[in-house]
Amino acid sequence: MKIRGAVLERFGQPLEVQELELAEPRAGEVLVRLVACGVCHTDLFTASGSDPSGYAPAVLGHEGAGVVEAVGEGVRDLAVGDHVVTLFSPQCRECEHCLDPRTNLCMAIREQQGLGHLPDGTTRLSRNGEPVRHFMGCSTFAEYTVMPEIALARVSPEAPLDRACLFACGLSTGLGAAMNTARVAAGSSCVVFGAGMVGLGAVAGCRLQGAERIVCVDLSEERLELARGQGATDLVVGGPDAVERVLELVGQLGADYTFEATGNVAVMRQAVESARMGWGLATVCGVAGKGEALEVVPRFLITGRRVAGSSFGGVKGRDQVPELVERWLGGEIDVEPFVSHSLSLDEVNRGFELMEAQDGIRSVIAFG
Ligand SMILES: NC(=O)c1ccc[n+]([C@@H]2O[C@H](COP(=O)([O-])OP(=O)(O)OC[C@H]3O[C@@H](n4cnc5c(N)ncnc54)[C@H](O)[C@@H]3O)[C@@H](O)[C@H]2O)c1
Ligand SMILES: [Zn+2]
Ligand SMILES: [Zn+2]
């Protein structure tokens, strides 16, 4: 079928919305009609050419939500009409990692996904007979996409898809960092560095876990106010003295749980240094620049602090994204403040500009 999609042609250049050919879903694959897709930093990171593993031409986008239009042979868990959220982090339910509760890093299709292929090593996207690659296994800056069944979470049909798409990446990452990776205990003290989509999700996750004190640190007063709306009890303007400010609030020994959601390695270090002596756990969510390293003085570790990393918040997508969506529908998570702009597919590059200007938390593309 003919579809329109936003193609990354050349790094550092605007995406080009073009007509493409999308082939039918093969075995284990599903055709999805996109209803909405968030514009995320990772799309921009790849478009700019900063991502060393990036490739072109490819259709970008990975924060999608839509409706199943057709299923390939052998698809068992999805049917035409189902509402789905796309998963750049799939869940096959069979590999060693899927069977282990300690990780969400499914191994089933990792290699081919990293190359921009569907699991059988080919693409469904093409242009004048030339293959166009898939991005993060999703390519959701497009009217339709074909994805493996294991990379789609079926969500309640009650969930508005122009909000549900946030659960495809940033929001679930933040929520999951607090709920799965750190497993924040009720009554504890938490510090979240960064109040973008991921950090605000982490604040909400800490609140849902029953944390007593939630300090949020960001450079923007406006974003700190959004953090208050998600349950932050204390707000700190970030900077070189952030650790001092935080310790004044949570006590000199540090906080039970800290989270980094900025991508800045200096802030990751602050997260480690703000974690409590004896048992504090610092969870790193941010993606650092190429070649950057996290510096930690070993004394902080010897005296009982621990560091964890979290990809997609440790969320096993097919099982847990529908649960998070239910908690949103039940009124426990407020996603409205996160959606700042609604754009058309043709305005996708405007989404990048808004992001660079830190104008709002998320722009969402609506497919009309
Ligand atoms: N681990 C994952 O699976 C995963 C998924 C999505 C995003 N990410 C990464 O998480 C990070 C956050 O993503 P986002 O979408 O929320 O980004 P964002 O840019 O919207 O938010 C980052 C926030 O950090 C704040 N900040 C910058 N410097 C700071 C400092 N010195 N002190 C305190 N705050 C500071 C900014 O003001 C901004 O509000 C990025 O690095 C992103 O690549 C990781
Ligand atoms: Zn993302
Ligand atoms: Zn798996």
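Residues numbered from 1 in each chain as written. Chains lettered and ligands numbered in written order. Predicted model: local features only at pLDDT ≥ 70, side-chain atom pairs only at ≥ 80, totals over all residues.

Give me the packing of helix α7 (residues 242-250) against helix α8 (residues 265-274): which residues, what numbers.
Contact pair α7 / α8: the axes reach a minimum separation of 9 Å and the direction vectors enclose 30°. As far as their axial angle goes, α8 and α7 are roughly parallel. Note that α7 runs across α8; the crossing there is right-handed. Across from A242, V243, V246 and L247 in α7, the residues of α8 making contact are Q270, E273 and S274. Residue classes in the contact of α7 with α8 are distributed as four nonpolar, two polar and one charged. (Axes fitted to C-alpha atoms, helices over the stretch in contact; angles between N-to-C directions. Helix = DSSP H or I, 4+ residues; strand = E, 2+ residues; numbered from the N terminus. Parallel < 35°, antiparallel > 145°, perpendicular 65-115°, else oblique. Left-handed = near helix turned anticlockwise from the far one by under 90°. Contact = placed C-beta atoms within 7 Å. Nonpolar A, V, L, I, M, F, W, Y, C, P; charged D, E, K, R; others polar.)

Residue-level account of the domain arrangement of the chain, with values.
Here the chain is partitioned into domain 1 (2-168 + 334-366) and domain 2 (174-310). Centre-to-centre, using C-alpha coordinates, domain 1 lies 29 Å away from domain 2. Facing the eight residues of domain 1 at the interface are seven residues of domain 2. Residues that form the side of domain 1 that touches domain 2 fall into these classes: four nonpolar, two polar and two charged. (Domains from an automatic or database assignment.)

Give me the pairing of strand β1 (residues 2-8): which residues, what numbers.
As defined by bridge partners, β1 adjoins strand β2 (residues 16-22) across six bridges and the pair is classed as antiparallel. Residue pairing across strands places R4 opposite E19, the latter belonging to β2. Direction of pairing for β1 relative to strand β4 (residues 58-59): antiparallel, over a ladder of two bridges. Directly across from V7, in β4, lies its bridge partner V59. (Pairing = 2+ DSSP bridges.)

Outline the site of ligand 1, supporting the account with residue identities and numerical values.
What surrounds ligand 1 is a group of 29 residues, the closest being G194, G196, G238, G263 and G286. If you list the elements that add at least two residues to the shell around ligand 1, you get α1 (41-48), α4 (170-181), α5 (197-208) and β13 (213-218). Of the residues forming the shell around ligand 1, the biggest block, three residues, is contributed by α5. Classifying every residue of the shell around ligand 1 by side-chain character gives twelve nonpolar, 15 polar and two charged. (Near = placed C-beta within 6 Å.)

Quick rundown of the sheet that holds β2? Include the residues and the values.
Pairing in this open sheet of six strands is mixed, and the strands run β8-β7-β2-β1-β4-β9 from one edge to the other. A strand with exactly one partner marks an edge of an open sheet, and here the two such strands are β8 (130-131) and β9 (133-134). As judged from the two bridges shared by strand β7 (residues 125-127) and β8, these two strands associate in the antiparallel manner. Looking across to β8, one finds that S126 is bridged to P131.

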